[in-house]
Amino acid sequence: MSDDNELEQNESDLEQLFEMSEEQFQDCQIRSALRVAREATRTSKSRGLAIQYMRGLFDQMRYGHGVLDPKSNREATVELLALLEDEEHARRIQPDLNEGEYQWLCTWMSACAYDNLAESTGLMSGYNSAGMHECINDGIQICRQTGKLECIKCFREYAADVYLSSDDLAMVRHQCQELMKFREDDPDEKDRRWSAHDKLAWISLLEGRLESTVEALTTALPLTQADKVYLKLRAKLLVAVSLDQALLLAGHPRFDWTEIEQAGEIPEAGEWPKFELERAKANCVAHVMAGDLESAIEGLTDWDRQLTELQCTKEWFEIRLRLIAAYLISTNRKRAEALAKGLEAKASEAQDFLTLRRLARLMSPGTIVGPVPTLNDLEIGPFTGKPVPDATENAPTSDTEVSATEPAEDDAVTTPLAETLITYMQQILEYEEDEEAQSQLFDTILSHVPASIEHPGDAAYLVHLSRFLIRGPEMARRAWEWSVLIKDRFPDHAKVLSVVADLGYYFHTADPIEFTDIDVTEVEEMYKLSLSLDVNDARNHARAAAFYFAEDQMGEAERCYARAFRLDRTDGSIAQSLADLYQQTDRPRDALAVLDLCLREGSEDANVAWEAAMIALQLEQFDLVLTYLDRFEELGEPQTWLYYYRASALIQLGRFAECLSALELEAGQDPPGDFHLKAVRTCALIYLKRDEEARVLLHELLDMPMREIDYLSMNGLGRILGQVWEAVSKWSSDDPQRLQVEQCVLECGLAPDEYFEERRLTEKVQEELHFYRLQLEQPLSENWRNSPGCLPDQKEWTFYTILWGVLSPNEDDAVRRVMQYQAHHESEAKVIDVDESEETYRDRPGVVWQGMRWMSEESEDEFDLEDESH
């Protein structure tokens, strides 16, 4: 047999294995599917076929979660990622690797690999453990980089699990609502609505709302069979078993499995351990309901042991909670307390605050204990109004978690120095312009000898206040040495450690030469110890978050900010910091959810309303823009840009007369210029069919040199010019002023996509079009600074680089089309890079978009396209 024939036969044999394993996976015969996938992986490697080897690992990774073996699953995922991230690693298996096929594989596998790595790690270590938040951001970025935007939903589901473990049910609901935004007309979109309803049902159950739980699961069940649901049988069985449990708890007849069993859809024993675990949990609930506590405890104990051996920490948390509940119901509190200690230790290590809160309530005196530990009493069912026997005789074993609204200990206690500290704070404000008085107050604060300070809350506040009075390195050195003594005085107090760490990091970053003795690693350890000593202090978490953010540890910064926000919904500075982090990681919807929740919970911080309005504008949610601006006016004073943004929203909502009124109000706020006001007014006049007035104003607008509009961001200017073009596009295509606007947006490099879409509509539909991403370098003449296309901060440019996106049958045609748009320059542009898509399209040829332009060492990514509009 020739080498080519042998290769073809090998690939054919392997393809049969892959098809067999996929069929078994679809039928929920997961252990068999995994066994075949492993065989395919081994065979691929032995025959030197890297692509097939990667496919085998990919299948192992997908199937592994169902058999409750996260360790093996993680190992397969890590190996796959090594191959995806390093082509040479793949060539060690197959030296003659097809590079195009390899790159295509990397594109569609990478996002899933990161998702599965995060899930495996979460199952083993807990979904709120170190690094878990970072996986959300990293995964979403990979989705965007590879163009697999649909896969972002996977990370939304993962994010829901992370927020569930972190005990932030409001943010879980937000992620679920995002999952429900399903568009039937999108050919690439997968339907995950059933999963969102399933997660929302679990939250309802935890909150004791069993009727809502049953309703959500009843809604989810038919959704599992929707056209665009992948793994329909898997989805149906998981929802069915959840519904079975909910019906039991509500005192209703159990779910009828007859039809499913008769159809032979229940996998054989051992094939799908995850499903078997879920059915065992429901059956144990049934045992408890029937008074057969011995069978319930036996079943839960067996799973407790299995999950421990398999290192399934996340699943173990739930089983251990239910086992403790079963022992409490059986009046064996001593055994329950022993089991609770182990759970508390493990959940604390994993920072699983939901498990800790459920455990604390479960062990609290007077709790009505049911087979599923909840956060509130069940509203209906047999376990309403039934306190655990003798529950009031014992104190809770855990004080790790308290109500998120309960004040921190130091805030609730009047300390020996409370009045003195208030005086110091007032004096700091009073002496703001008096350096001598500040120096004297600084000496007074440092005169408090650490050994004489009785209460740690006083000590922490003294350290905090000292920072506002420091002027120069000598005072800083004195403050640091004094604060170290305070830390030594209270080495195990969370707030003291936090504020001392904060002060130390401030000194280290402000003057690293003077403070070489402050080690960042030691500072981080102080933050960590502080958080472990008190998991319920919002400000401690916020300080630690700021540290991690400054150190570019975005995952830990997010985890700490998220916890701080969970503990204090109304602190505007925390909400804005978390929202800013989400913005920087390209998650504006999450940012808006945080700010909106902060306002709804009662925050009176006007800045929160303002930031919410800006993000709503970015997301084009114009009704919300008006709502948040209304709230801003209630909380703060009118300011520049307020009525402009109101006008921008009103015009998008078709409320043109109100838009003009808002612009008049903005003109009275001393704006930095009037280009933006004239632009929006022009648009409103056009829409009101007051063309004569609009043309006069548009003439003035086009006479304004763009290089002088230095009070708008690039994004703001582009958005405004796009609005003007959209308005004038209502005029005839040969209208002179419309043509002037089009020339302006093209020369400025800010033409909206819709402009090119209109041009492409004149072309005939063609087959086999490729998408080209062209990078051009455009030389600029000495007259550039006076050119109509020169923008602020571009006057000194001698050339620029620009990207263009084109649909075209070939590269030459793509270049020709782009050069036509670049022809307004005196010198011809040079093509420096062309990226051609492998996929082909049936569409109309032409330019699709004009990208941002830049000069010198800058990259396209350095332009903040989501900056505030002004």
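Residues numbered from 1 in each chain as written. Predicted model: local features only at pLDDT ≥ 70, side-chain atom pairs only at ≥ 80, totals over all residues. Heavy atoms only, no water.

For the rest of this paragraph, the subject is the overall build of the protein chain. Of regular secondary structure, the protein chain possesses 39 helices and five strands. Whereas a compact globule of 870 residues would reach a radius of gyration of roughly 29 Å, the protein chain reaches 32 Å, a difference of no more than 12%. Taken over the C-alpha atoms alone, the protein chain extends approximately 95 × 85 × 55 Å along its principal axes. Relative to its full complement of 870 residues, the protein chain shows a buried share of 54%. Contacts spanning at least 24 positions in sequence make up 69% of the contacts within the protein chain whose residues lie at least 6 apart. Working note: accessible area of the protein chain is about 39000 Å², and carbon and sulfur atoms make up 46% of it. Each charge class in the protein chain can be summarised by its mean position, and for the 86 positive and 167 negative side chains these summaries are 5 Å apart. (Helix = DSSP H or I, 4+ residues; strand = E, 2+ residues; numbered from the N terminus. Rg over C-alpha atoms; globule rule 2.2 N^0.38 Å. Buried < 20%, exposed > 50% of the residue type's maximum accessible area, 1.4 Å probe, protein only. Contact = heavy atoms within 4.5 Å. Areas by Shrake-Rupley, 256 points an atom, 1.4 Å probe, with all protein chains shown as cover. Lys, Arg positive; Asp, Glu negative; His and termini not counted. Charge placed at Lys NZ, Arg CZ, Asp CG, Glu CD.)

Where helix α30 (residues 606-618) meets helix α31 (residues 622-635), the axes come as close as 8 Å, and the angle between the chain directions of the two elements is 165°. Between α30 and α31, the angle is such that the two are roughly antiparallel. Of the two elements, α30 crosses α31, and the hand of that crossing is left-handed. Two secondary-structure elements touch here, α30 through Ala606, Ala609, Trp610, Ala612, Ala613, Ala616 and Leu617 and α31 through Phe622, Leu624, Val625, Tyr628, Leu629, Arg631, Phe632 and Leu635. (Axes fitted to C-alpha atoms, helices over the stretch in contact; angles between N-to-C directions. Parallel < 35°, antiparallel > 145°, perpendicular 65-115°, else oblique. Left-handed = near helix turned anticlockwise from the far one by under 90°.)

In this section: helix α4 (residues 70-85). Since the α-helix advances by 3.6 residues per turn, residues separated by three or four positions end up pointing in the same direction. In this model α4 runs 22 Å from its N-terminal to its C-terminal C-alpha over 16 residues, within 8% of the 22 Å that 1.5 Å per residue would give. Looking only at α4, the buried set comprises Pro70, Asn73, Ala76, Thr77, Leu80, Leu81, Leu83 and Leu84. Down the axis of α4, the sector holding all buried residues measures 160°, keeping them to one side. Elements that come into contact with the buried residues of α4 comprise α3 (50-64), α5 (87-91), α6 (99-125) and α15 (293-310). (Expected span 1.5 Å × (residues − 1). Arc of directions from axis to C-beta.)

Before going further, it helps to examine the side chain of asparagine 73. Mapped onto the fold, asparagine 73 is located in helix α4. Discounting chain neighbours no more than four positions away, the residues touching asparagine 73 are Gln60, Met61, Gly64, His65, Asn116 and Ser120.

Our next topic: the pattern of salt bridges. Close approach of charged atoms allows side chains of opposite charge to pair. Scanning all chains against the criterion turns up 60 salt bridges. Between aspartate 59 and arginine 62 there is a salt bridge; the shortest N-O distance is 2.7 Å. Within this pair, aspartate 59 and its partner arginine 62 are both found in helix α3, separated by three residues, close to a single helical turn. The closest approach of N and O atoms between arginine 254 and aspartate 244, which form a salt bridge, is 2.7 Å. Remark: aspartate 244 occurs in helix α12 (residues 232-249) and arginine 254 occurs in the loop between α12 and α13 (258-262); sequence separation between them is ten residues. For arginine 254, a relative accessible area of 37% puts it in the partly exposed group. Look at aspartate 244 and you get buried, because its relative accessible area is 1%. Within the structure, one salt-bridge network assembled from shared partners comprises Lys274, Glu278, Lys281 and Glu315. (Salt bridge = Lys/Arg side-chain N within 4 Å of Asp/Glu carboxyl O.)

Bringing the state of the cysteines into the picture now. Inspection of the entire model under this criterion finds zero disulfides. As a non-bridged cysteine, cysteine 748 has cysteine 744 as the owner of its nearest cysteine sulfur, 4.2 Å distant. (Disulfide = S-S within 2.5 Å.)

Let us now look at the nonpolar core. Grouped burial of nonpolar side chains is what soluble globular proteins tend to show. Ile324, Ile445, Phe507, Phe675, Met706 and Trp804 are the most contacted members of the largest nonpolar core, which has 213 residues in total. Per-element accounting of this core gives the leading share, eleven residues, to helix α16 (residues 313-329). Ignoring anything within four residues of it in the chain, the contact list for isoleucine 324 reads Ala336, Leu339, Ala340, Leu343, Leu359, Leu362 and Met363. Counting 34 residues, the second-largest nonpolar core is a separate cluster that includes Val67, Leu217, Trp272 and Ala282. (Core = buried A, V, L, I, M, F, W, Y, C linked by side-chain atoms within 4.5 Å.)

With phi around 60°, glutamine 311 is a residue other than glycine that occupies positive phi space. By secondary structure assignment, the location of glutamine 311 is in the loop between α15 and α16. In this structure, tryptophan 641 takes a positive phi of about 85° despite not being glycine. Mapping tryptophan 641 onto the fold places it in the loop between α31 and α32 (642-652). Relative accessible area serves as the criterion here: at 9%, tryptophan 641 is assigned to the buried category.

Keep in mind that these numbers describe shape and distance, not what the molecule does.
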